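Reading the structure
Here is how the chains run, residue by residue.
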Amino acid sequence: MPTFPTLKLGSHSPYVKKLKMDLNGLSKNYNNFTINNIYDLKTKDVVGNFQDAVRIPRDGIVGLRTWKTLIDKVKIIQVKLNSRGYHSGNPDGWFGETTINAVKRFQRDNGLYEEGVINPRTRVKLFDPHHKDNFENRPSSNDIRSLDPYVSFLASEFLRLTRANNLDVRIIAAFRSWDEEDGLFASGRTKPGPIVTNARGGDSYHNWGLAFDASPIENGKLSNDIIKIKKMGKLGEQVGLEWGGSFKSIVDYPHYQYTFGLSTEELLNGKRPTK
Ligand SMILES: [Zn+2]
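Treat the numbers as computed from the prediction; the structure is a model and nothing was measured.

What counts, and where the lines are drawn
Residues numbered from 1 in each chain as written. Predicted model: local features only at pLDDT ≥ 70, side-chain atom pairs only at ≥ 80, totals over all residues. Heavy atoms only, no water. Helix = DSSP H or I, 4+ residues; strand = E, 2+ residues; numbered from the N terminus. Rg over C-alpha atoms; globule rule 2.2 N^0.38 Å. Buried < 20%, exposed > 50% of the residue type's maximum accessible area, 1.4 Å probe, protein only. Areas by Shrake-Rupley, 256 points an atom, 1.4 Å probe, with all protein chains shown as cover. Lys, Arg positive; Asp, Glu negative; His and termini not counted. Charge placed at Lys NZ, Arg CZ, Asp CG, Glu CD. Donors = N, O, S within 2.8 Å, 3.2 Å for Na, K, Ca; no water. Contact = heavy atoms within 4.5 Å. Domains from an automatic or database assignment. Buried area = accessible area lost by both parts, 1.4 Å probe. Salt bridge = Lys/Arg side-chain N within 4 Å of Asp/Glu carboxyl O. Nonpolar A, V, L, I, M, F, W, Y, C, P; charged D, E, K, R; others polar. Pairing = 2+ DSSP bridges.

1. Remarks on the overall build of the protein
Scanning the protein for helices and strands turns up nine helices and five strands. When its helices and strands are written in sequence order, the protein yields α-α-α-α-α-α-β-α-β-β-α-β-β-α. Relative to a compact globule of 275 residues, whose C-alpha radius of gyration would be 19 Å, the protein shows 20 Å and is just as compact. Dimensions of the protein, computed from C-alpha atoms along their principal axes, come out at roughly 60 × 40 × 40 Å. In the protein, buried positions account for 48% of the 275 residues. Approximately 14000 Å² of the protein is accessible, and the part contributed by carbon and sulfur atoms is 51%. Side chains of the protein give 40 positive and 31 negative charges; the mean places of these two sets differ by 2 Å.

2. Some thoughts on the coordination of the zinc ion
For the zinc ion, the protein coordination sphere consists of His 206 (NE2), Asp 213 (OD) and His 255 (ND1), at 2.0 to 2.1 Å. Each donor residue of the zinc ion lies on the same chain, and together they follow the pattern H-x6-D-x41-H. Residues His 206 and Asp 213 agree in their burial class; the two are buried.

3. Some remarks on the environment of Val 124
Relative to the helices and strands, Val 124 is located in helix H5 (residues 120–127). Residue Val 124 is classed as buried on the basis of its relative accessible area, which comes to 1%. Setting aside residues up to four positions removed in sequence, Val 124 forms contacts with Pro 129, His 131, Glu 136, Trp 178 and Leu 268.

4. Section: the domain arrangement of the protein
Taken as a whole, the protein is organised into domain 1 (14–118) and domain 2 (136–268). Measuring from the centre of the C-alpha atoms in domain 1 to the corresponding centre in domain 2 gives 28 Å. Each partner contributes to the interface: domain 1 provides nine residues, whereas domain 2 provides seven residues. Each partner contributes to the roughly 660 Å² buried at the junction of domain 1 and domain 2, and carbon and sulfur atoms together form 32% of this total. The interface formed by domain 1 and domain 2 contains two salt bridges. Here the side of domain 1 that touches domain 2 is built from residues that sort into one nonpolar, two polar and six charged.

5. Quick notes on the pattern of salt bridges
Between side chains of opposite charge, a pair can form as their charged atoms come close. Evaluation of the coordinates by the stated rule reveals 18 salt bridges. In this structure, Arg 121 engages Asp 182 in a salt bridge whose closest nitrogen and oxygen atoms are separated by 2.7 Å. Linking Arg 121 in helix H5 with Asp 182 in helix H7 (residues 178–186), this pair joins segments that are 61 residues apart in sequence. We classify Asp 182 as partly exposed; its relative accessible area is 26%.

6. Some remarks on the pairing of strand S2 (residues 211–218)
With seven of eight residues buried, S2 lies mostly within the body of the structure. Here strand S1 (residues 169–173) pairs with S2 via four bridges, running antiparallel. Within the sheet, the bridge partner assigned to Ile 171 lies in S2 and is Ala 214. Here S2 runs beside strand S3 (residues 221–222); their pairing, made up of two bridges, is antiparallel. Paired with Glu 218 across the bridge in S3 is Lys 221. Hairpin connection, S2 to S3: the antiparallel pair is bridged by two residues, and Asn 219 has positive phi, about 55 degrees.

Printed below as a string of structure tokens:
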């Protein structure tokens, strides 16, 4: 690997453009940064979230380790496109014109919107074209039986424990359809409203039956009582769930998940929990 300069907020270099093209190609540009030579706050934010996702300490600085991880991820895409007959050039980790055009041809042939980036639906078709579990087309549900069987078991244990602690708790979301997730992603971007998520359909653990949201109930209504919410969170962690209230980057109080150590990218690439 040639030497790449360390990039950070304020950097101005053709390598910043290279960095942005790679992040954009990997569908990380959810905050709509401009692809140019300037490392601005939006770029730093995307780099930080990328580092979180690949378990590199989040500092928003692109050093050797972040460069290498990013370039390897692009290379894997290029190798896969080439093997599927979509010429994306020599796999060099550079998401340039040849790769973008290969992605667009792949998307056209697979009935996908020709975005030229590896969004989740493109990734799943590219890496796992014959998957049988059909997560993409399942409907949304508030029933914990829509979850992975083990996660469903943890959810019922969690509910049992909350009842034992005199908490009235309701599940407000379990499996979430990919279409619904895309709708949430559109809010604040292509639709009016606030930005509520950085996940598109396929990017959230809800889309794989590995997450649910729960809220305390008071007088038949959802409650924002933070004492109760935190008490619930501790009980969730006690049964082995990860609680969104303990997340470092984006705190998500109603959210509970069990990931089997898999990233959503690995799930899209065809990996599944082993029981
Ligand atoms: Zn959630």
